[in-house]
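Here are the chains, one letter per residue:
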Amino acid sequence: MHLLINTGGGDAPGLNAVIRAVTLSAIRRGFRVTGIRRGYSGLLEGESGLLRLNRDIVRGIIDRGGTILGTVNRGQPFEYPVHGADGAVTVTDLSDRMMDAFRALGADGLIALGGDGSLRIAARFREKGMPVIVVPKTIDNDLGGTEATFGFDSAMSFATDAITRLHSTAEAHGRVMVVELMGRYAGWLALHAGLAGAAHAILIPELDFDWDVLCAALVHRRDTGRPFAVVVVAEGAKPGGAARVVVRQETSKEPTLGGIGALVAERIAERTGFETRSLVLGHLQRGGPPTPTDRLLSLRYGAEAVRLAAAGQWGRMVSWQPPRMTSITLDEALAKTHAVPADDDAIATARDFGVCLGDA
Ligand code: F6P
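Presented here is an overview of the structure given in this document. (Residues numbered from 1 in each chain as written. Predicted model: local features only at pLDDT ≥ 70, side-chain atom pairs only at ≥ 80, totals over all residues. Heavy atoms only, no water.)

1. A closer look at the overall build of the protein
Stated formally: The helix and strand labels rest on DSSP assignments: H or I over at least four residues marks a helix, E over at least two residues marks a strand, and numbering proceeds from the N terminus. Note on exposure labels: buried denotes an accessible area under 20% of the residue type's maximum, exposed denotes more than 50%, and partly exposed covers the range between, all computed with a 1.4 Å probe on protein chains only. Should any heavy atoms of two residues lie within 4.5 Å, those residues are considered in contact. For the accessible areas, the method is Shrake-Rupley and the probe is 1.4 Å, while residue cover comes only from the protein chains on display.
A tally of helices and strands in the protein yields 11 helices and 15 strands. In terms of overall dimensions, the protein has C-alpha extents of about 70 × 55 × 35 Å along its principal axes. Looking at the protein residue by residue over its 360 residues, the buried ones come to 54%. Put simply, of all contacts in the protein between residues at least 6 apart along the chain, 71% involve residues at least 24 apart. For the protein, the exposed surface amounts to about 15,100 Å²; the carbon and sulfur share of it is 50%.

2. Some points on the nonpolar core
Which entries qualify depends on this criterion: We call a set of buried residues a nonpolar core when its members are Ala, Val, Leu, Ile, Met, Phe, Trp, Tyr or Cys and they connect through side-chain atoms within 4.5 Å of each other.
With 54 residues, the main nonpolar core has Leu181, Leu214, Val231, Val264 and Ile268 as its most contacted residues. Among the secondary structure elements, those contributing two or more residues to this core are α5 (152–173), β8 (175–181), α6 (188–196), β9 (201–203), α7 (211–223), β10 (229–234), α8 (260–272) and α11 (345–353). Broken down by element, the residue count for this core peaks at eight residues, all from α5. Contact partners of Val264, with chain neighbours within four places excluded, come to Val178, Leu203, Phe209, Trp211, Leu214, Val231 and Val233.

3. A word on the site of the ligand
Put simply, the rule reads: Proximity is defined per residue: any heavy atom of the residue falling within 4 Å of a molecule or strand makes that residue near it. Distance and chemistry together define a polar contact, namely a pair of N or O atoms within 3.5 Å, with one atom able to donate a hydrogen and the other to accept it when in protein, and with adjacent residues in sequence counting only for side-chain atoms on both sides. Three classes are used: nonpolar for Ala, Val, Leu, Ile, Met, Phe, Trp, Tyr, Cys and Pro, charged for Asp, Glu, Lys and Arg, and polar for all others, with Gly counted as polar. Residue ranges for the domains trace back to a domain assignment, done automatically or taken from a database.
Around the ligand, the surrounding shell holds 10 residues, and the nearest of these are Asn73, Asp140, Met182, Glu235 and Arg286. Between the ligand and the protein, one listed contact pairs an oxygen atom with a backbone N or O atom of Gly183 at 3.1 Å. At a separation of 3.0 Å, an oxygen atom of the ligand approaches a polar side-chain atom of His283. When its residues are assigned to classes, the shell around the ligand shows two nonpolar, three polar and five charged. Counting residues domain by domain, the shell around the ligand receives three or more from each of domain 1 (2–150 + 290–322) and domain 2 (154–286 + 341–352).

4. Quick word on the sheet that holds strand β15 (residues 324–329)
In sheet architecture, strand pairing relies on hydrogen bonds along the backbone and comes in two forms, parallel and antiparallel. Convention followed: When DSSP finds at least two bridges between two strands, those strands are taken to pair. In this analysis, axes come from line fits to C-alpha atoms, helices being fitted only over the stretch in contact, and the angle between any two N-to-C directions falls in the range 0 to 180 degrees.
Ordered by their spatial adjacency, seven strands build an open sheet running β3-β2-β1-β6-β7-β14-β15, and the pairing between neighbours is mixed. Strands at the two margins of the open sheet, each flanked by one partner only, are β3 (50–53) and β15. Each adjacent strand pair in this sheet contributes to an overall mean axis angle of 25°, direction not counted. Sheet topology places strand β1 (residues 2–7) next to strand β2 (residues 32–36); four bridges connect them, and they run parallel. Each bridged residue has a counterpart across the sheet, and for His2 the counterpart in β2 is Arg32. Contacts from helix α1 (residues 15–28) reach β1, β2, β3, β6 (109–114) and β7 (132–136) within the one sheet, and its direction differs from that of β1 by about 180°. In this fold helix α9 (residues 292–310) packs onto β1, β6, β7, β14 (316–321) and β15, with an angle of close to 135° to the strand it touches most, β14.

Note that all results are geometric; they support no functional claim without further evidence.
Shown next, in the form of structure tokens:
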């Protein structure tokens, strides 16, 4: 059997650990594995777009962030923006050319490591006849159909550490420190890191916040002898009735969220008189080595993906349903979203401690 593997969307700690697991499991079965560089782009770049994987190449990568295959999170194959000499952008469908390249390689199937965008692309390639298996990756943890995506725990651990470090400086200066986390439209990262980092207020996309509620909580802290606070804001959080704050909107791409943290810090200062500072953890959350939890999850995901391929179980997403590693169909995976539900236990726990979630 000849397996292809690629990594798509934003990078996440654990991608290399999955590549290692797939390669080693495949080689043990006598299969060949070829990596496609930069998502699907490498399919159109001849031999330079491919990386023939073997034991030597995957040695020592279990704890490396990023991906040895490279990744892209813009220009998906079905709507690829081609820039003309006149500066005009034409959206082109490259998928048929990529299917031809896939067939020319004589591959039996593709193991695609990615988030929701990659899942949608894989499902469309499957319709065109490409056998695919998806391994769910994202620091946002916003994929339904699996209990956890790899990358989330590493990002959450890093963010928790950063939030913890803000307490002493917030207290020393009597300030409100506002920290903006990633997560897109899901609040998992902010909620879990905020709770674990003992933040005083946590604003997530699933709960629109109210400026009065947020500011009243901070003033109450000051009035009761705690004149400082750490506020965690998910990049997708927004006040009720307002739009999400967006950094940029490119063609054929989701808007890039960002900027809500600075706005929150500014408004708190105006409304409460607190001195505030804001910071954005940004791509630091995606860098660095995977945590042991993410390494283990990645290895198990990779091994299961090869088991599925060996059994001819294509068109599926590997799914962690503790204590079992299993799989669901791509359609099932696509049908599920994974936002923080209103009755989530972490939300209830935050409320029990008096952590302000900004909602009325
Ligand atoms: O999906 C992962 C993620 O890091 C999101 O949390 C964030 O909104 C987005 O990617 C940032 O994308 P980019 O790398 O294009 O800035």
